[in-house]
Amino acid sequence: MLYTLYEAGYYMASPMRAAARMTRGYWDSPLNPVRESALGRRLFASADLFANLTRRYGRPEWGIDSVRIDGVDVRVRRVEAWSSPWVRLTHFVRDPLDLRRAGRTSASPAVLIVAPLSGHYATLLRDTVRTFLQDHEVFITDWANARDVPVLEGRFDFHDYVDHVRSMLRVLGPRCHVVAVCQPGPAVLSAASLMAEDGDDSRPASMTFMGSPLDARFSPTVTNKLAEERPFAWFKSNMISTVPLPYAGAGRRVYPGFVQLYSFMSMNMERHQDAHLRYLQDLMNGDGDSAEKHLEFYDEYLSVLDLTEEFYLQTVDIVFQKHLLPKGELVHQGRLVRPSAITDIGLLTVEGELDDISGIGQTQAAHALCTGLPDDLHEDYVQPHVGHYGVFNGRRFRDEIYPRVAAFIARHEARLSAPRA
């Protein structure tokens, strides 16, 4: 019913949206002699804001065609390295001739960036990918929108997620480096633990966790408290809906992206309202640059995907209510997940001082779990003055966080390459 009401609301607004687009086009036309008048700019801005707020936001484009390395523009193309109905493992391939012109002749470390499956598309990590491309062969998990996956493809739950991470690490071969951004932390640590216990040659050389809820009992945020205060049955009754026609996944039970988006925005509703009011004012003042920056952010932020019912509910249960991994009680396919089995995988945790999604200590908890690691393989960093988004995006990420992560990966790449005594 929830999905049906959402779809009905979208289509009921279609006539007003079409009128707003026509109004926007009329007042933005260079042939309109009063286009630059105060009235014209006000009518254009109002119509544009309404049209943008009520339209559909599809999967954003990556927009990474090149990356600047040592003063040289290196061309980049995307290649599908592996896929399942639920994910595309995307390789951002840098042009080898351009790399040589930039003076990069040796092989770069392979990095698997595991993007969050928590409402937004992997393109939310566009800046993360672009930054890592300076020094690495970058692969990223581009998760599917559950509403686009036919019911005949079956289920996808937390344990399938763990198995997918293991499969992708095997595709990349021996000892690549894995970076888990936010939500994937528990699944990535679980996959690494199982691979370490099996002596799997494809286990990662290092793992970096950035703003991840590995133990959500530390510094609980609004998100954590909501998960703890509500009974599990409440989430199943109130957060799950059925995908309607004409979507390919019609009939699949999902946690809709628009519900997740509302949850995101309600946490900072006043800030979002102020941002849209500033956008309206920028349009009326003719400040196109500021308005464009607003659109770029919200084109990404308002693009959301659905999660399968089983994945969402298991994540609530395993990660945010029962805390099974930090308690040593997580069982995967009949096996107890034991992070203590990890003995030779470098561990770096990165947190933001102002993170209101994964509080301080939730990511650091990985160090207490990985008791089999020697001290010299542990590293921790807390970035001052950044919130959750700033841990993996923005100026402080590029200038202060990334150099530490790159140096960490380089050290463990050298450790594996060093001849054994």
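Residues numbered from 1 in each chain as written. Predicted model: local features only at pLDDT ≥ 70, side-chain atom pairs only at ≥ 80, totals over all residues. Heavy atoms only, no water.

Enquirer: It is not clear to me how the layout of surface pockets should be interpreted in this structure. Could you clarify?
Expert: In this approach the atoms are scanned with a rolling probe the size of a water molecule, which exposes any empty space left behind. What the second largest pocket holds in volume is close to 650 Å³. Along the wall of the second largest pocket there are 26 residues; nearest its centre are Tyr6, Leu53, Arg55, Phe258 and Leu261. Of all the secondary-structure elements, those providing two or more residues to the lining of the second largest pocket are helix 1 (2-12), helix 3 (38-54), helix 10 (257-267) and helix 11 (269-285). At five residues, the largest contribution of residues to the lining of the second largest pocket is made by helix 10. Considered class by class, the residues forming the lining of the second largest pocket number 14 nonpolar, seven polar and five charged. (1 Å grid on protein atoms, 1.4 Å probe; cavity = no way out; pocket = protein on both sides within 12 Å on 5 of 7 lines; lining within 4 Å. Points joined across faces, edges and corners; volume = space filled by probe spheres on them. Helix = DSSP H or I, 4+ residues; strand = E, 2+ residues; numbered from the N terminus. Nonpolar A, V, L, I, M, F, W, Y, C, P; charged D, E, K, R; others polar.)

Enquirer: Whenever I open this one, the environment of Leu2 confuses me. Can you help?
Expert: Examined against the element boundaries, Leu2 turns out to sit in helix 1. A residue is classified by how much of its surface remains accessible, and Leu2, at 36% relative accessible area, is partly exposed. Those residues in contact with Leu2 that sit more than four places away from it in its chain are Asn238, Ser241, Phe258 and Val259. (Buried < 20%, exposed > 50% of the residue type's maximum accessible area, 1.4 Å probe, protein only. Contact = heavy atoms within 4.5 Å.)

Enquirer: Could you clarify how one ought to interpret the nonpolar core in this entry?
Expert: Generally speaking, a soluble globular protein has its nonpolar side chains buried in company with each other. Within the largest apolar cluster, 105 residues are counted, with the highest numbers of intra-cluster contacts made by Ile113, Phe132 and Met207. Sorting elements by how many residues they give to this core places helix 7 (residues 185-198) first, with eight residues. Not counting residues up to four positions away in its chain, the partners in contact with Met207 are Val178, Leu189, Ala192, Ile342, Ile345, Gly346, Leu347, Leu348, Cys370 and Phe408. (Core = buried A, V, L, I, M, F, W, Y, C linked by side-chain atoms within 4.5 Å.)

Enquirer: Can you walk me through the sheet that holds strand 1 (residues 66-69) in this structure?
Expert: Sheets are built from strands paired through backbone hydrogen bonds, the pairs being either parallel or antiparallel. Pairing is mixed in the open sheet, where nine strands are placed in the order 1-2-3-5-4-6-7-13-14. Across the chains shown, the open sheet's two edge strands, defined by having one partner strand only, are strand 1 and strand 14 (378-383). Between one strand axis and the next, the sheet turns by 25° as a mean value, whatever way the strands run. As defined by bridge partners, strand 1 adjoins strand 2 (residues 72-84) across four bridges and the pair is classed as antiparallel. Bridge assignment links Val67 to a residue of strand 2, and that residue is Val74. (Pairing = 2+ DSSP bridges. Axes fitted to C-alpha atoms, helices over the stretch in contact; angles between N-to-C directions.)

Enquirer: Help me out: how do you make sense of the environment of Phe320 in this one?
Expert: By the element assignment, Phe320 lies in helix 13 (residues 309-321). A sequence separation of 28 residues divides Phe320 from Glu292, and the C-alpha atoms of the two residues are 37 Å apart. If we skip the residues at most four places from it in the chain, Phe320 touches Pro213, Ala216, Asn224, Ala227, Glu228 and Thr315.

Enquirer: Sorry, what's going on with a negative patch on the surface here?
Expert: A contiguous patch of negative charge, built from Asp287, Asp289, Glu292 and Glu296, is present on the exposed surface. Positionally, Asp289 belongs in helix 12 (residues 288-301). (Patch = residues over 30% accessible without salt bridge, like charges linked within 9 Å, V, L, I, M, F, W, Y side chains within 5 Å. Areas by Shrake-Rupley, 256 points an atom, 1.4 Å probe, with all protein chains shown as cover. Salt bridge = Lys/Arg side-chain N within 4 Å of Asp/Glu carboxyl O. Lys, Arg positive; Asp, Glu negative; His and termini not counted. Charge placed at Lys NZ, Arg CZ, Asp CG, Glu CD.)

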